[in-house]
2 protein chains.
Amino acid sequence: MSLTRSDAGGPGDPPARRARRVSMADVARRAGVSAQTVSRVSNGHPGVVDSTREQVLAAMQELGYRPNSAARALKYGQFRTIGVILFTLATVGNSRTLEAIVDHAAEEGYAITLIPVAVPTRDGVLGAFTRLGELAVDAVIVSMEVHLLDAATVNLPVGVPVVVVASDADDRYVVVDTDQVDGARRAVRHLLDLGHRTVWHVTGPEGSFVAERRATGWRTTLEQAGRPVPPLAHGDWSAESGYRAGLALADEPDCTAVFAANDQMALGLLRAFHEKGKVVPRDVSVVGFDDIPDSASFIPPLTTVHQDFAEVGRRCVERVLRQVRNKPVEPGTTLVPTRLVLRESTARPPA
Amino acid sequence: MSLTRSDAGGPGDPPARRARRVSMADVARRAGVSAQTVSRVSNGHPGVVDSTREQVLAAMQELGYRPNSAARALKYGQFRTIGVILFTLATVGNSRTLEAIVDHAAEEGYAITLIPVAVPTRDGVLGAFTRLGELAVDAVIVSMEVHLLDAATVNLPVGVPVVVVASDADDRYVVVDTDQVDGARRAVRHLLDLGHRTVWHVTGPEGSFVAERRATGWRTTLEQAGRPVPPLAHGDWSAESGYRAGLALADEPDCTAVFAANDQMALGLLRAFHEKGKVVPRDVSVVGFDDIPDSASFIPPLTTVHQDFAEVGRRCVERVLRQVRNKPVEPGTTLVPTRLVLRESTARPPA
DNA sequence: ACCGGGGATGTTTACGCAAACATTGCGGCG
DNA sequence: CGCCGCAATGTTTGCGTAAACATCCCCGGT
């Protein structure tokens, strides 16, 4: 299989002399036509007689011609590619959002290039933005859930359309996000409506915008209802951290309802309560956030706040492509609504 | 959605007239130097006097210059980008493998472009390969777990280094995969060693190579041990499908051990057994496959076969980059070993 | 004072493609 | 019978960059 390329020879190194790839000129020579005719055939343009077209096609086949996308992009000034900057695919939210972005971009004929930020430090982010300048992308979607955006935005290349997901970048940017605050409100209201006196909360890692917003929704809902606000339990999105939080919560005598900032931590809670002999939902009610597919199979199936990842992805792509196409896009935040999915992990509080 | 593709101004359409981007020539003019000097500054080449360098840098800043990667790629003949073809990010395996690929590619200075195959039909695959020809990638990693590769490989662009993951593409290709058969063997052996007479199996969707290989490992291990081979239960990787399979399995009187082809289906099994009043592992033992992070927080924590996704990703990148760099790579399959992670879902069979 | 050398910078060129423009050839019509 | 018009194809050009080569100038040595 094809060892065409030579030693790395990237920018910075002298480009190694390589077996030149077959170009339009080669095909043209072989087919006995001009390069322009090859171009026309290659792009399906009209005005080429069938016999000629076939000769060209045959020549392409024989030579294994592949159009050079660099040259094409240089000509068109576009790559039909969107860059996505993110920290990790390990969280369900990130990977589902990415999938939605990929799918909708594909519908529009755009591919996605991932620009990972290895370490979520300031330098890491700056590095990603720098690399961005060298990358073959027409626009960028930034998915950063930690407090590093400000440091980084300074460096956002001018002239590249940008859409930001799941952050609270200021209004100069185009932002798309799930309505975290309202989602949390729904979760808390549901528990309150069931008769629970108050609701405990297991939050996400420090510095996470998303975690902060969900906690805000939780706190303000309690305050507005005039309920006491219990101390916050800290997690890091992982089931394991939810388990640890649950072990502690199980010892709180008046804890009858817990809202976990994501489904994975809710899973940990369920296990902790189970081990401590507390029956969900008889003794404690649990609500999650995300509605990952697995949550319907937890024991018991989890009541949770459904995030419409597909819609978030769709809107990101739509808004970023509007910019690429020079259509007006006003900065500001687009919120995608959530909905509460009722399953079996919530009930009235024990009498 | 769907602003039509014709708005895009891509190949085939007249390129949208856009404000021409700032080029080296513009910077050169502004700084009062030649384009070549700008190039030298831009690439950090030596031989530019400090005062000149600063002028150029200033001009770049003012004008918001960004190097044009298309032109660069055209010059160098490389994009420093690897294309990854996959069906979906919804399964944990895919997204974790992708993450590993992204990370290791980044270490080597390569970005990843995703080429989604919307529908896993023959046409879908062919379409992806066709688009591939237009994409700015130096190599391709194909992650396809269904039986469509043969139809598609015919069309694999010549001259592009390719590595295939998780499939049984024939030996003409470079293949990297987890050792599925051996992983399944470990799971089954473990259960047999505990004293179970035989092991039932919940397999993945029809047509999945991975599912097939795990089922093969299960079956041959049983056969070699001279144990009866129970009928196969069919799932589709989802927890829900595992749940349905579990409901049926719970009614089999002599079913004391189940090996699920992935952790998510195992989750469904746990729930089904729980609902049917069967205690895991006292009444039934369950083993999963993948070792997703959540599985440690299942009720009970799941014994499962750990897949080293990071290693799979690393090897894919390594082997594909060897090809890019024209180093020898012999076709054939590289198997990444698994290991069994013992947790609390397995025990001796009921007496 | 003159020349050689080398560092700093400028000029030319090619990368592969496709738009714009140029040429060829053929059929139909006055 | 000659010319027009159009369809098919060819030629030129430029996209932005950076290697290769050319030039300039200053400085030190003789």
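Residues numbered from 1 in each chain as written. Chains lettered and ligands numbered in written order. Predicted model: local features only at pLDDT ≥ 70, side-chain atom pairs only at ≥ 80, totals over all residues. Heavy atoms only, no water.

## Topic: empty space enclosed by the protein
Residues and elements named next belong to chain B.
Alright, step 1. The full count for this structure, using the stated rule, is 7 cavities of 30 Å³ or more.
Alright, step 2. Each pocket or cavity is described by its volume, and for the largest cavity that value is around 280 Å³.
Alright, step 3. As for the largest cavity, its lining consists of 22 residues, and the residues nearest its centre are G93, N94, V210, R214 and Q307.
Alright, step 4. Broken down by element, the residue count for the lining of the largest cavity peaks at 4 residues, all from helix α5 (residues 92-107).
Alright, step 5. The residue makeup of the lining of the largest cavity, split by class, is 8 nonpolar, 10 polar and 4 charged.
Alright, step 6. Two domains share the lining of the largest cavity, each providing at least three of its residues, namely domain 2 (77-177 + 309-334) and domain 3 (180-308).
Alright, step 7. The volume enclosed by the second largest cavity comes to roughly 60 Å³. (1 Å grid on protein atoms, 1.4 Å probe; cavity = no way out; pocket = protein on both sides within 12 Å on 5 of 7 lines; lining within 4 Å. Points joined across faces, edges and corners; volume = space filled by probe spheres on them. Helix = DSSP H or I, 4+ residues; strand = E, 2+ residues; numbered from the N terminus. Nonpolar A, V, L, I, M, F, W, Y, C, P; charged D, E, K, R; others polar. Domains from an automatic or database assignment.)

## Points about the pattern of salt bridges
Any two side chains of opposite charge can pair, given that their charged atoms come close.
Alright, step 1. Inspection of every chain in the model, using the stated rule, returns 30 salt bridges over all chains.
Alright, step 2. Between D26(B) and R29(B) there is a salt bridge, with its nearest N and O atoms 3.4 Å apart. In this pair, D26(B) and R29(B) are both assigned in helix α1 (residues 24-31), 3 residues apart and thus about one turn of the helix distant.
Alright, step 3. The network of salt bridges with shared partners includes D182(A), R185(A) and R186(A). (Salt bridge = Lys/Arg side-chain N within 4 Å of Asp/Glu carboxyl O.)

## Focus on helix α3 (residues 50-63) of chain B
Residue and element names in this part refer to chain B.
Alright, step 1. Helix length check: α3, at 14 residues, gives a terminal C-alpha distance of 20 Å against a target of 20 Å (1.5 Å per residue), a fit within 8%.
Alright, step 2. Among all positions in α3, only V56, A59 and M60 are buried. Considered in projection along α3, the buried side chains sweep an arc of 100 degrees and stay on one side of the axis. Exposed and facing more than 90 degrees away from the buried side of α3 are D50, E54 and Q61.
Alright, step 3. Once α3 ends, the next one or two residues include G64, with phi positive near 70 degrees. (Expected span 1.5 Å × (residues − 1). Buried < 20%, exposed > 50% of the residue type's maximum accessible area, 1.4 Å probe, protein only. Arc of directions from axis to C-beta.)

## With respect to the protein's contact with DNA strand C
Alright, step 1. Every one of the 26 residues lining DNA strand C counts as a neighbour, but M24(A), Q36(A), Y65(A), T37(B) and T52(B) are closest to it.
Alright, step 2. When the atoms of DNA strand C within 4 Å of the protein are sorted by group, sugar and phosphate make up 62%.
Alright, step 3. Within the contact set of DNA strand C, a phosphate oxygen lies 2.5 Å away from a side-chain nitrogen or oxygen of Y65(A).
Alright, step 4. One of the side-chain nitrogen or oxygen atoms of R40(B) is found 3.0 Å away from a base nitrogen of DNA strand C.
Alright, step 5. Breaking the surface near DNA strand C down by element, the ones donating at least two residues are α2 (35-42) and α4 (69-76) of chain A together with α2 (35-42) and α4 (69-76) of chain B.
Alright, step 6. Ranked by the residues each element gives to the surface near DNA strand C, the list is headed by α4(A), at 5 residues.
Alright, step 7. Of the residues belonging to the surface near DNA strand C, the class tally is 10 nonpolar, 11 polar and 5 charged. (Near = heavy atom within 4 Å. Polar contact = N/O pair within 3.5 Å; in protein donor to acceptor, adjacent residues only side chain to side chain.)

## Here we look at the sheet that holds strand β8 (residues 257-260) of chain A
All names here are of chain A.
Alright, step 1. The strand order across the open sheet built from 6 strands is β7-β6-β8-β9-β10-β12, with neighbouring strands paired in mixed fashion. Across the chains shown, the open sheet's two edge strands, defined by having one partner strand only, are β7 (233-234) and β12 (339-341).
Alright, step 2. Inspection of the sheet shows strand β10 (residues 303-306) paired to β12 by 3 bridges, in the antiparallel sense. Residue pairing for β12: T304 is matched across the bridge by V341.
Alright, step 3. Strand contacts of helix α11 (residues 263-275): β6 (200-203), β8, β9 (285-290) and β10, with the helix running at about 160 degrees to β9, the strand carrying the most contacts. (Pairing = 2+ DSSP bridges. Contact = heavy atoms within 4.5 Å. Axes fitted to C-alpha atoms, helices over the stretch in contact; angles between N-to-C directions.)

## Remarks on the sheet that holds strand β6 (residues 200-203) of chain B
Residues and elements named next belong to chain B.
Alright, step 1. Judged by pairing direction, the sheet is mixed, and its 6 strands sit side by side in the order β7-β6-β8-β9-β10-β12 without closing on themselves. The open sheet has two free edges, formed respectively by β7 (233-234) and β12 (339-341), since each of these has just one partner strand.
Alright, step 2. Relative to the sheet, helix α11 (residues 263-275) contacts β6, β8 (257-260), β9 (285-290) and β10 (303-306), its axis offset from that of β9 by approximately 160 degrees.

## Section: the protein's contact with DNA strand D
Alright, step 1. As a matter of local geometry, DNA strand D sits amid 25 residues, with T52(A), K75(A), M24(B), Q36(B) and Y65(B) nearest to it.
Alright, step 2. Sugar and phosphate atoms constitute 63% of the interface atoms of DNA strand D, taking the interface as everything within 4 Å of the protein.
Alright, step 3. R40(A) is positioned with one of its side-chain polar atoms (N or O) 3.0 Å from a base nitrogen of DNA strand D.
Alright, step 4. Within the side chain of N43(B), an N or O atom sits 3.1 Å from a phosphate oxygen of DNA strand D.

## Quick look at the pairing of β9(A)
Residues and elements named next belong to chain A.
Alright, step 1. Of all 6 residues making up β9, 6 are buried, and the element is well covered by its neighbours.
Alright, step 2. Pairing between β8 and β9: 3 bridges, direction parallel. Note that in β9 the partner of F259 across the bridge is V287.
Alright, step 3. What joins β8 to β9 is α11, and the crossover it makes is right-handed.
Alright, step 4. Pairing analysis gives 4 bridges linking β9 to β10, with the strands arranged parallel. Pairing of V287 across the sheet is with T303, part of β10. (Right-handed = clockwise from strand over helix to strand, strands pointing away.)

## Digging into the packing of aromatic side chains
All names here are of chain A.
Alright, step 1. Within the structure shown, the criterion is met by 2 aromatic pairs over all chains.
Alright, step 2. Ring geometry for F259 and F289: centres 6.3 Å apart, planes at 45 degrees, overall tilted. Residue F259 is located in strand β8, and its partner F289 is located in strand β9; the two are separated by 30 residues in the primary sequence. Just as F259 is buried, F289 falls in that class too.
Alright, step 3. Here the basic side chain of R214 rests over the ring of F289, its NZ or CZ set 3.8 Å away from the ring centre.
Alright, step 4. Above the ring of Y243, the side-chain terminus of R271 is found at 3.8 Å from the ring centroid. (Phe/Tyr/Trp six-rings, centres within 6.5 Å; stacked < 30°, edge-to-face > 60°. Lys NZ or Arg CZ within 6 Å of the ring centre and 35° of its normal.)

## Describing the environment of T81(B)
Alright, step 1. Along the chain, T81(B) turns up in strand β1 (residues 81-86).
Alright, step 2. In this structure the C-alpha to C-alpha distance between T81(B) and I112(B), which are 31 residues apart in sequence, comes to 5.5 Å.
Alright, step 3. Sequence-distant contacts of T81(B), that is, excluding residues within four places in its chain, are made with L135(A), Y110(B), A111(B), I112(B), T113(B), A136(B), V137(B), D138(B) and A139(B).
Alright, step 4. A polar contact is formed between the side chain of T81(B) and the backbone oxygen of F79(B), at a distance of 3.2 Å.

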